[in-house]
Amino acid sequence: LTTYAPSWKNSQTVRYIAIKNKDLKNKIAAECLNGFAWNKNIIDSANVLMIELTINNISGYDNDKTATTNKGSHWQSFDAGLFAQTFCLAAHNLGIGSVIMGIFDENSVKQEPVLAKTDANDNTNNAVFENKFEKDKCVNVMHIVFLNYH
């Protein structure tokens, strides 16, 4: 459903990685949340942790990589918010609870091995990609979404 979320020039730059592995969820909860205990407790109870990524320098930019408006890269954050909202509304429609978490250390999350396999050029919105990306140049971790279902 998130592929129908509006985005800058329909660029669809948001990607998701689903983390079901309890050890990896616990590691992210322990090491990547800037000590924010509330988010740690939420992750500890989550069935699935979704990492929302965006590809840099597309939303808000022309093909030659110049900013189309004075907002520059802020369109990327706007698009990520639209996708996160659409994702959470779709989850709610299926009876799945969700929480968008913004307090986390992006650089620490990016170091997790599952993120090192993300291909910023994959346009399919699949959860896991196979190729490497240049972490600091191509992708930002925008949100962490917890999903809890019964």
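Calculation notes
Residues numbered from 1 in each chain as written. Predicted model: local features only at pLDDT ≥ 70, side-chain atom pairs only at ≥ 80, totals over all residues. Heavy atoms only, no water. Patch = residues over 30% accessible without salt bridge, like charges linked within 9 Å, V, L, I, M, F, W, Y side chains within 5 Å. Areas by Shrake-Rupley, 256 points an atom, 1.4 Å probe, with all protein chains shown as cover. Salt bridge = Lys/Arg side-chain N within 4 Å of Asp/Glu carboxyl O. Helix = DSSP H or I, 4+ residues; strand = E, 2+ residues; numbered from the N terminus. Buried < 20%, exposed > 50% of the residue type's maximum accessible area, 1.4 Å probe, protein only. Pairing = 2+ DSSP bridges. Expected span 1.5 Å × (residues − 1). Axes fitted to C-alpha atoms, helices over the stretch in contact; angles between N-to-C directions. Parallel < 35°, antiparallel > 145°, perpendicular 65-115°, else oblique. Contact = heavy atoms within 4.5 Å.

Student: Before we move on, could you go through a nonpolar patch on the surface and cite the residues and values that matter?
Tutor: There is a patch of nonpolar side chains on the surface, built from Phe36, Trp38 and Ile103 and spanning about 330 Å² of accessible area. Along the chain, Phe36 falls in the loop between helix H1 (22-31) and helix H2 (37-45).

Student: Which residues make up the pairing of strand S1 (residues 14-19), and what values do they have?
Tutor: Buried residues dominate S1, accounting for 5 of its 6 residues. Relative to strand S2 (residues 48-55), S1 runs antiparallel, the two being bridged by 6 bridges. Directly across from Val14, in S2, lies its bridge partner Thr54.

Student: Report on the pattern of salt bridges, specifying residues and quantitative values.
Tutor: Side-chain pairing between opposite charges can occur once the charged atoms of the two side chains come close. Summed over all chains, the structure comprises 3 salt bridges. In this structure, Asp62 engages Lys9 in a salt bridge whose closest nitrogen and oxygen atoms are separated by 3.0 Å. Residue Asp62 is found in the loop between S2 and helix H3 (74-93), and its partner Lys9 is found in the segment before S1; the two are separated by 53 residues along the sequence. Given the relative accessible area of 29%, Asp62 is considered partly exposed. Between Asp44 and Lys40 there is a salt bridge whose closest N-O contact spans 2.9 Å. Linking Asp44 with Lys40, this pair stays in helix H2, spanning 4 residues, or about one helical turn.

Student: Now, about H3: what can you tell me, with residues and values included?
Tutor: Taking 1.5 Å as the rise per residue, H3 with 20 residues should run 28 Å; its terminal C-alpha atoms sit 29 Å apart, in good agreement. Listed in full, the buried residues belonging to H3 are Gln76, Asp79, Ala80, Phe83, Ala84, Thr86, Phe87, Cys88, Ala90 and Ala91. Of the residues flanking the end of H3, it is Gly95, one or two places downstream, whose phi is positive at about 80°.

Student: I'd love a proper account of the packing of H1 against H2, names of residues and values included.
Tutor: As a packed pair, H1 and H2 sit with axes 9 Å apart at the nearest point and diverge in direction by 175°. The angle between H1 and H2 places the two elements in the roughly antiparallel class. Two secondary-structure elements touch here, H1 through Lys25, Asn26, Ile28 and Ala29 and H2 through Lys40, Ile43 and Asp44.

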